[in-house]
Amino acid sequence: MQIDDLTDGTLHNYVNGEWVPVDGDDGEAVVNPATGEQLAHVPFTDPHAVDDVVAVGDAAFEEWRNVAIEERIQPVFRLKELLEEHQEAMARVLVREHGKNLDEARGELRRGIENVEVACGAPRLMQDGFVENAAPGIDETAVRRPLGTFAAVTPFNFPGMIPLWFLPYAVATGNSFILKPSEQDPLTAQYLFHLIDEAGFPDGVLNLVHGGPDTVNALLDNEALAGVSFVGSTPVARHVYESAAATGMRVQAQGGAKNYVVVSDSADLEYAAEKTVSSSFACGGERCLANDIAVVVGDAYEPFVEAVLDAVDDQVVGDGLDPETDIGALITPEHRDRVVGHIEAGIEDGNELLRDGRDVDVPGEAYADGTFLGPTVFGEVDTDSRIAQEEIFGPVLGIARADDFDEAVAKLNATDFGNAASLFTARGAEASQFRNEAEVGNVGVNVGTAAPMAFFHFGGRKDSFFGDLHAQAEDVVRFYTDETVYIERWPDE
Ligand code: NAD
């Protein structure tokens, strides 16, 4: 399918198994950031209409929760097949609304599909404990049961993958579900729901609601909602966590990030530089796992910087649909301006500007309004300065020095965030210390981007995560189910 097959120009909600016009006057344009072309208009669902969608989910839940689990996972299997079949076309839609390059879009969809595959294992994932003779003559059995209607509110940077961290698990475990995708690139979710429509889920089990902050706040205020899964920036994650808790629903809220990579003086520096550049600049740096500050130990600093700059100078900036492109356009002109503001702060704070992406030129008239930014690198970074502490979410890498390994680890732990960190080393003892001491949810050793596969949970620590059960796999199954324990005795007559 192409964009014209997904919409007549204005996006619709998908509620109770049908495409319906959005009830709401507000909205915004969905724009291709590489060209400035308007792709569609996304209206925002009015808060009063949100309650009706939750009621639709709840009505569907009453039957869906009692469908045999083997039957319940059949449409999830079909969704996986449909996603495989449409992966390439979907990736092209994703690139046009987001800006990242085609390989990155294909990769994120692959990661999303893997979650659908894992969710198909719900019959196993939902199994819980059984103990015979737990007390004299008493057997005890724990079972996982679905809870009702859940919502997920997702960010712009992975519009294909992040909804699938939640959606397949919520429904495979017997809940109803509402997706509120990012208003900045909602066409990929629109595509996903065309496939959901084909996959054969009962009406009302899966619903798509477009909107902005007011739509989200209406979900958070709805006492009938069983819970909300959120991924986005830290201030909004904190707000979602607090609001959902005040209403009394379950909540898991993933926030922003500031990820460090430590480069030991024992590391293969060419390899470390190549992986750091890829981690920092892929998806234009708009990744919660981007490692955008490297702390280099001792004499490794100079050769590492040289290797990084060699790799950076090979990066091609352009339209994500061009196979030559490494770094695509940033999501909006406002976001590009914000990233430029961070670069200016980096200069003001006295860090050494080694490469400046602000004056990048992408040839071609079609790209005159594109929100491009070239790779930017700072050296001799003071890790107390703003570029080393604040999330930038753009193609900006800072490189700092540390006298020894302990100092490097201390610097990474000094940020407010705790999503991910990586270490490049040839010493097992350093790897072991790093695994033990890095205060993050995802630790990479000789891996540039520490992204767990779908059968492990995904989540951070500190200001990168509010809650306890994370996205993906068993954690999210626990989030979407409640454990009931049956205590049984059958005395002789
Ligand atoms: P965002 O916080 O601006 O928006 C995320 C979602 O929240 C959107 O659906 C939006 O409509 C909604 N929203 C925005 N403001 C709101 C408000 N005031 N009240 C209620 N809802 C509101 O995030 P974004 O710019 O779309 O995404 C980028 C951010 O997401 C970055 O900070 C990035 O680190 C983070 N992120 C984190 C992870 C992770 O796993 N920790 C993964 C991906 C992205």
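Quick notes on the rules
- Along each chain, residue indices are assigned from 1 in the same order as the chain's sequence is written.
- Note on the predicted model: pLDDT of at least 70 is required for a residue's local features to be given, and 80 or more for side-chain atom pairs to be given and counted; whole-chain, interface and lining totals, by contrast, use all residues.
- Processing note: side-chain calculations cover all non-hydrogen atoms of the structure and skip hydrogens and water entirely.
- Here the rule is simple: two strands pair whenever DSSP picks up at least two bridges between them.
- Helix and strand labels come from DSSP, where a helix needs a run of H or I of at least four residues and a strand needs a run of E of at least two; each type is numbered from the N terminus.
- Axis lines are fitted through C-alpha atoms, for helices just across the contact stretch, and the angle between N-to-C directions can take any value from 0 to 180 degrees.
- A molecule or strand has a residue near it when one of that residue's heavy atoms lies within 4 Å.
- Here a polar contact means two N or O atoms within 3.5 Å. Within protein one must be a hydrogen donor candidate and the other an acceptor candidate, and residues neighboring in sequence count only if both atoms are side-chain atoms.
- When residue character is reported, Ala, Val, Leu, Ile, Met, Phe, Trp, Tyr, Cys and Pro are called nonpolar, Asp, Glu, Lys and Arg charged, and the others, Gly included, polar.
- In what follows, a contact means two residues having at least one pair of non-hydrogen atoms within 4.5 Å.
- Here's how the labels work: a residue is buried when its accessible area is under 20% of the maximum for its type, exposed when over 50%, partly exposed in between, all with a 1.4 Å probe on protein chains only.
- Think of it this way: Lys and Arg go in the positive column, Asp and Glu in the negative one, and His and the chain ends go nowhere.
- The term salt bridge refers to a side-chain nitrogen of Lys or Arg lying within 4 Å of a carboxyl oxygen of Asp or Glu.
- Note that patches include only residues with greater than 30% relative accessible area and no salt bridge, and the join distances are 9 Å for like charges and 5 Å for nonpolar side chains (Val, Leu, Ile, Met, Phe, Trp, Tyr).
- Only the protein chains shown count as covering a residue, and every accessible area follows the Shrake-Rupley method with a 1.4 Å probe.
- Working definition for charges: the position is that of NZ of Lys, CZ of Arg, CG of Asp or CD of Glu.
- Just so you know how the angles are binned, under 35 degrees is roughly parallel, over 145 roughly antiparallel, 65 to 115 roughly perpendicular, and the rest oblique.
- Each crossing gets its hand from how the near helix is turned against the far one by less than a right angle, where anticlockwise is left-handed and clockwise is right-handed.
- Pairing of aromatic rings covers Phe, Tyr and Trp, the last through its six-membered ring, and needs centres within 6.5 Å; plane angles under 30 degrees mean stacked, over 60 mean edge-to-face, and all others mean tilted.
- Throughout, a disulfide means two cysteine sulfur atoms within 2.5 Å of one another.

Give me the sheet that holds strand β22 (residues 481-489): which residues, what numbers.
Pairing in this open sheet of three strands is antiparallel, and the strands run β5-β6-β22 from one edge to the other. Each edge of the sheet is formed by a strand with only one pairing partner; in this case those strands are β5 (130-135) and β22. Mean inter-strand twist for the sheet, computed between neighbouring axes without regard to direction, equals 30°. For β5 and strand β6 (residues 138-146), the ladder comprises three bridges, and the chain directions are antiparallel. Bridge assignment links F130 to a residue of β6, and that residue is T141.

Explain the site of the ligand residue by residue, including any values.
What surrounds the ligand is a group of 28 residues, the closest being E183, S233, Q254, G255 and E391. Between an oxygen atom of the ligand and a side-chain N or O atom of K180, the distance comes to 2.8 Å. In the model, an oxygen atom of the ligand is placed 2.5 Å from a nitrogen or oxygen of the E391 side chain. Elements that contribute at least two residues to the shell around the ligand include exactly α9 (213-221), β10 (227-231) and α10 (234-247). For the shell around the ligand, the element with the highest residue contribution is α9, accounting for three residues. Across the shell around the ligand, the residue classes tally to 14 nonpolar, 11 polar and three charged.

Tell me what's going on with the sheet that holds strand β19 (residues 442-445), and back it up with residues and numbers.
Pairing within the open sheet is mixed, and its seven strands lie in the order β14-β15-β16-β13-β12-β18-β19. Two strands bound the open sheet, and with one partner strand each, they are β14 (352-355) and β19. Direction aside, neighbouring strands of the sheet carry axes that sit 20° apart on average. With five bridges connecting them, strand β13 (residues 291-297) and strand β16 (residues 396-402) associate as parallel partners. Within the sheet, the bridge partner assigned to I293 lies in β16 and is G398. The sheet strands contacting helix α12 (residues 301-312) are β12 (259-263), β13, β14, β15 (376-379) and β16, and the helix crosses β16 at an angle near 170°. Those strands touched by helix α13 (residues 333-348) are β14, β15 and β16, and its axis lies near 20° from that of β15.

Please give an account of the pairing of strand β3 (residues 27-31) that cites residues and values.
Examined bridge by bridge, β3 and strand β4 (residues 38-43) share five bridges and lie antiparallel to one another. Among the inter-strand pairings, E28 is bridged to a residue of β4, identified as V42. Linking β3 back to β4 in an antiparallel pair, the connection comprises six residues, with G36 at a positive phi of about 85°.

Can you explain the side chain of R287? Please cite residues and give values.
If you trace the backbone, R287 turns up in the loop between α11 (269-281) and β13. Buried and without a salt bridge, R287 has E104 as its closest oppositely charged side chain, separated by 6.5 Å. At 3.4 Å, the side chain of R287 forms a polar contact with the side chain of T449. In contact with R287, other than residues within four places in its own chain, are N157, F158, S278, S279, A282, F393 and T449.

How would you summarise a negative patch on the surface if you had to cite specific residues and measurements?
Together, D23, D25, D26, D51, D52, D214, D221 and E223 give the surface a local cluster of negative charge. Residue assignment for the negative patch shows that the elements contributing at least two residues are α2 (47-64) and α9.

Requested: an account of the packing of α2 against α9, with residues and values cited.
One way to put it is that α2 packs onto α9 with a least axis distance of 9 Å and a crossing angle of 45°. In terms of axis orientation, α2 runs oblique to α9. Every pair of crossing elements has a handedness; the one defined by α2 and α9 is right-handed. Each of P47, V50, D51 and V54 in α2 lies in contact with α9, whose residues at this interface are D214, T215, A218 and L219.

Please give an account of the packing of aromatic side chains that cites residues and values.
What the rule picks out here adds up to 13 aromatic pairs. Ring centres of Y271 and F424 lie 5.9 Å apart, and the angle between their planes is 75°; this geometry places the pair in the edge-to-face category. Residue Y271 is located in helix α11, and its partner F424 is located in strand β18 (residues 420-424); the two are separated by 153 residues in the primary sequence. Y271 sits in the partly exposed class, given a relative accessible area of 32%. Its relative accessible area of 1% is what places F424 among the buried residues. An aromatic cluster is defined as three or more aromatic residues linked by ring pairs; in this entry it consists of Y14, W19 and F193.

Any chance you could break down the pattern of salt bridges for me, citing the residues and the numbers?
According to the stated counting rule, one finds 26 salt bridges in the structure shown. R65 is the partner of E62 in a salt bridge, and the nearest nitrogen-oxygen pair spans 3.8 Å. A residue is classified by how much of its surface remains accessible, and E62, at 45% relative accessible area, is partly exposed. In this structure, the salt-bridge partner of K100 is E108, at a minimum N-O distance of 2.6 Å. As far as burial versus exposure is concerned, K100 and E108 are alike and both buried.

Describe the state of the cysteines, listing the residues and the values that go with them.
In total, this model carries zero disulfides according to the counting rule given. Free cysteine C283: the closest other cysteine sulfur is in C288, separated by 10 Å. For C283, a relative accessible area of 5% corresponds to the buried category.

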